[in-house]
Amino acid sequence: MAEDLHVTAGSKEDQYNNLIPQLVGLLHGEDDLVANMSNVVAALKQQFGFFWVGFYLVKQDELVLGPFQGPVACTRIQRGRGVCGSAWEKGITLIVPDVSKFPGHIACSSLSKSEIVIPIKHKGNILGVLDVDSDTLNAFDQIDKLYLEKILGLIEWNY
Ligand code: SME
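A short tour of the structure in this document, coming up. (Residues numbered from 1 in each chain as written. Predicted model: local features only at pLDDT ≥ 70, side-chain atom pairs only at ≥ 80, totals over all residues. Heavy atoms only, no water.)

1. Structural notes on the overall build of the protein
Our working definition: Helix and strand definitions follow DSSP, with helices as H or I runs of at least four residues and strands as E runs of at least two, each counted in order from the N terminus. Taken over C-alpha atoms, the radius of gyration is set against a globule rule of 2.2 Å times the number of residues to the power 0.38. Accessible area is worked out with a 1.4 Å probe on protein chains only. A residue is then buried under 20% of its type maximum, exposed over 50%, and partly exposed in between. Contacts were defined at the residue level, with two residues in contact if any of their heavy atoms lie within 4.5 Å. Per-residue and other accessible areas follow the Shrake-Rupley method at a 1.4 Å probe size, with only the shown protein chains counted as cover for residues. Neither His nor the chain termini are counted; the positive set is Lys and Arg, and the negative set is Asp and Glu. Charge positions are represented by NZ for Lys, CZ for Arg, CG for Asp and CD for Glu.
For the protein, the helix and strand inventory stands at 4 helices and 6 strands. Listing the helices and strands of the protein from first to last along the sequence gives α-α-β-β-β-α-β-β-β-α. In summary, the protein has a C-alpha radius of gyration of 15 Å against a globular reference of 15 Å for 159 residues, a match within 12%. On the principal axes, the C-alpha backbone points of the protein span a range of 40 × 35 × 25 Å. For the protein, with 159 residues in total, the buried portion stands at 47%. The contacts of the protein with a sequence gap of at least 6 include a subset with a gap of at least 24, amounting to 53%. Only carbon and sulfur atoms are counted for the fraction: they give 51% of the accessible area of the protein, which is about 8100 Å². Within the protein, the 19 negative side-chain charges are centred at a point lying 8 Å from the centre of the 13 positive side-chain charges.

2. Examining the pairing of strand β5 (residues 114–122)
Note the cut-off: When DSSP finds two or more bridges between a pair of strands, those strands are recorded as paired.
Most of β5 is tucked away, with 7 of its 9 residues classed as buried. Alignment of strand β4 (residues 94–96) against β5, held across 3 bridges, turns out to be antiparallel. Opposite Ile95, over in β5, you have Ile116 as the bridge partner. In terms of strand pairing, β5 meets strand β6 (residues 125–134) through 9 bridges, oriented antiparallel. The residue bridging Val117 from the neighbouring strand is Asp131, located in β6. Here β5 folds back onto β6 in antiparallel fashion, the turn holding 2 residues, of which Lys123 has a positive phi close to 50°.

3. A closer look at the nonpolar core
Applicable threshold: Among buried residues, those of type Ala, Val, Leu, Ile, Met, Phe, Trp, Tyr and Cys that are joined through side-chain atoms within 4.5 Å constitute a nonpolar core.
Membership of the largest hydrophobic core comes to 30 residues, with the highest contact counts inside it found for Leu44, Phe55, Leu130, Leu148 and Trp157. When contributions to this core are tallied by element, the ones reaching two or more residues are α1 (12–27), α2 (33–48), β1 (52–59), β5, β6 and α4 (142–154). Among the elements that take part in this core, α2 stands out by supplying 7 residues, more than any other. In contact with Leu148, other than residues within four places in its own chain, are Tyr16, Leu44, Ile116, Ile118, Leu130 and Val132.

4. Details of the state of the cysteines
Quick reminder of the rule: The term disulfide is used for any two cysteine sulfur atoms that are within 2.5 Å.
Within the structure shown, the criterion is met by 1 disulfide. Cys74 shares a disulfide with Cys108; S-S distance 2.0 Å. Given an S-S torsion of about -120°, the disulfide between Cys74 and Cys108 has left-handed geometry. Highlighted residues: Cys74 in the loop between β2 (62–69) and β3 (76–78) and Cys108 in the loop between β4 and β5, separated in sequence by 34 residues. By relative accessible area, Cys108 is classed as partly exposed at 36%.

Below is the structure:
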């Protein structure tokens, strides 16, 4: 049974550095993917208060909504569509400082202003994406990219 998450103040790096060992503890000894994805998005939401944070997994050549925290969201995203479908197609992390300037952005909520999408790479495949949305412009940078990619690496992708 997990203990309460210890949420900390400080710089973005401090916050990620506080969170990561706790995630290691939360994920340790558990191989159920839905359980692990659920705790990761809950911990990110608790620590950072992101507007929306969640997973989309590749199923039959489209992205299908997985565990998330935040308002209800689009269920399916085609390859190459929106920020999520583009990150999947290109296989790279996309940082979008202003979603209104991203051609084809899929607005699940009009309150979402900036976004980062990280592809889940495992054994040469892309299994899905982690999508994080903020209700402020320009919320994400290379620090988020670095740490969120690290966090994806903590999950056992038995999918
Ligand atoms: N904005 C995303 C869609 C997913 S929601 O933000 C939860 C996109 O353009 O792919």
